[in-house]
Amino acid sequence: MPLRVFVTGATGVVGRTLLPLLRERGHHVTALVRQTRHVDRLGGVDGVAVADVMDPHTVRQVLTRAAPDVVVHQVTGFRGVDCTAGMQHTAQLRATGTSNLVSAAASAGVRRVVAQSTASAYYPYGHEVLDEEAPLWTDAPGCWGEAVRAVEALEETLLTCPDIEGMALRYGSLYGPGTSFAPTGVMHRMVRGSAVPLIEDGAGLTSFTHVDDAAGAVLDVLEGGEPGAYNVVDNEPAEIGEWLPAYAHMIGGPAPVSLTLNQAREQLDWLTVHQLTEQRGATNFRLREAVGWRPAWPSWREGFADLLGLWPS
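Parameters at a glance
- Residue positions are given per chain, counting from 1 as you read along its sequence in written order.
- pLDDT decides what is reported in this predicted model: residues at 70 or higher carry local features, side-chain atom pairs at 80 or more are listed and counted, and totals for whole chains, interfaces and linings draw on all residues regardless.
- Just so you know, side-chain values use all the structure's heavy atoms and leave hydrogens and water out.
- The term salt bridge refers to a pairing of a side-chain nitrogen on Lys or Arg with a carboxyl oxygen on Asp or Glu at a separation within 4 Å.
- A run of DSSP states H or I qualifies as a helix once it reaches four residues; a run of E qualifies as a strand once it reaches two. Both are numbered from the N-terminal end.
- For each structure, a 1 Å grid was placed over the protein atoms alone; sets of points admitting a 1.4 Å probe that cannot get out are labelled cavities, open sets with protein on both sides within 12 Å along at least five of seven lines are labelled pockets, and lining residues have an atom within 4 Å of a point.
- Grid points are joined across faces, edges and corners, and a volume is the space filled by probe spheres set on the points.
- Note that Gly is not counted as nonpolar here; it falls among the polar residues with everything else outside the nonpolar set of Ala, Val, Leu, Ile, Met, Phe, Trp, Tyr, Cys and Pro and the charged set of Asp, Glu, Lys and Arg.
- When DSSP finds two or more bridges between two strands, those strands count as paired.
- Every axis in this analysis is a line fitted to C-alpha atoms, fitted for helices over the stretch in contact. Angles between the N-to-C directions lie between 0 and 180 degrees.

Peer 1: How should the pattern of salt bridges be read in this particular structure?
Peer 2: Pairing between side chains of opposite charge can happen when their charged atoms approach one another. The final tally for this structure, using the stated rule, is 8 salt bridges. Among the salt bridges present, the one from arginine 112 reaches glutamate 165, with a minimum N-O distance of 2.8 Å. With arginine 112 in strand β5 (residues 112–118) and glutamate 165 in strand β6 (residues 165–171), this residue pair connects regions lying 53 residues apart in the sequence. Measuring nitrogen to oxygen at the nearest pair gives 2.4 Å for the salt bridge that ties glutamate 133 to arginine 286. Of this pair, glutamate 133 sits in the loop between β5 and α4 (142–160) while arginine 286 sits in helix α10 (residues 285–291); the two residues are 153 residues apart in sequence, bridging distant segments of the chain. What emerges from the salt-bridge pattern is a single network uniting Arg111, Arg112 and Glu165.

Peer 1: Is there a simple way to explain empty space enclosed by the protein in this structure?
Peer 2: One simple way to see leftover space: roll a probe sized like a water molecule over the atoms. One pass over the full model with this rule turns up 1 cavity of 30 Å³ or more. Estimates place the volume of the largest cavity at around 40 Å³. Around the largest cavity, the lining residues are His73, Gln74, Val75, Leu93, Arg94, Thr98, Gln116 and Leu154. Ranked by residues supplied to the lining of the largest cavity, first place goes to helix α3 (residues 83–107) with 3 residues. Its residues assigned to classes, the lining of the largest cavity comprises 3 nonpolar, 4 polar and 1 charged.

Peer 1: What is the right way to look at the sheet that holds strand β1 (residues 4–8) in this model?
Peer 2: Hydrogen bonds between backbone groups are what pair the strands of a sheet, and the pairing can be parallel or antiparallel. Here 7 strands make up an open sheet; going across it, the order is β3-β2-β1-β4-β5-β6-β11 and the pairing parallel. A single partner strand is all that each edge strand has here, and the edge strands are β3 (47–50) and β11 (228–232). Recorded for the sheet is a direction-independent mean angle of 20 degrees between the axes of neighbouring strands. Alignment of β1 against strand β4 (residues 70–73), held across 4 bridges, turns out to be parallel.

Take a look at the structure:
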């Protein structure tokens with residue numbers, strides 16, 4: 001059944017993939033942008049709203065005017081800034097911005113809100129691949145702790161509002177066109193410049209999510225599935241020692257250098273060491289069972305190969 005769908009973060013990597021898919025399925029799409037200069041990047045949509053999710057009054061106005069059935073909240077703050085500043089901005093958008101949006105959605109009679117969350121925020125316990133019942137690492141140090149607490153705030157706002165059905169989609173490390181892993185992206189440049197090392201005995205796991213699969217999950221939960229949090233990740237969580245050399249080889253870069261743990265702690269920031277040594281992967285079982293979602297790219301291996309033009313047509 002066609003729905004009226006309101007999308008924030010419409011010009012982001014997931015939003016750009018999602019908008020045409022929504023239109024193909026016959027949904028009426030209103031895209032939210034923060035500035036009018038972004039309108040030309042939207043392609044074919046049915047309506048455009050201009051507002052900042054940090055401004056509760058304007059958000060309430062545009063949502064009331066659009067009268068959507070579903071709000072899809074994809075906005076992040078990483079574009080065009082360094083990682084720490086992007087993480088802090090994203091934390092603000094996820095905590096305060098989501099609160100503003102959910103409050104406005106409830107007032108406008110919206111039935112369901114689907115919001116982007118993250119599968120990298122779990123407490124790094126043991127060597128397990130984690131499901132949605134695992135605790136978030138809310139007492140993590142530094143800016144990462146701030147980021148995880150913002151994820152907790154986003155999900156609490158989303159899942160406890162009595163007037164809406166909240167769906168938190170916990171994406172893995174996003175890759176695909178327009179991401180840091182693409183040929184013009186930051187990760188691509190860093191790996192080619194030997195700036196991402198291996199750490200001896202490092203057992204950090206990464207769960208990947210292709211932007212096509214992130215957008216596909218949104219389509220599947222517009223109406224399906226019970227309210228709750230869902231991991232949106234591929235079928236193959238991978239240790240850094242597995243995926244990084246493979247990615248470096250695919251892009252024609254040098255083999256990653258290897259550091260001891262002590263060298264890594266001296267040369268790298270704390271968060272990078274955490275990701276390379278103790279971050280946990282996630283399982284997609286709950287989403288598969290809830291709505292029948294299946295990743296178009298079940299493994300990062302094929303997804304990277306396609307992204308880099310190495311997959312057979």
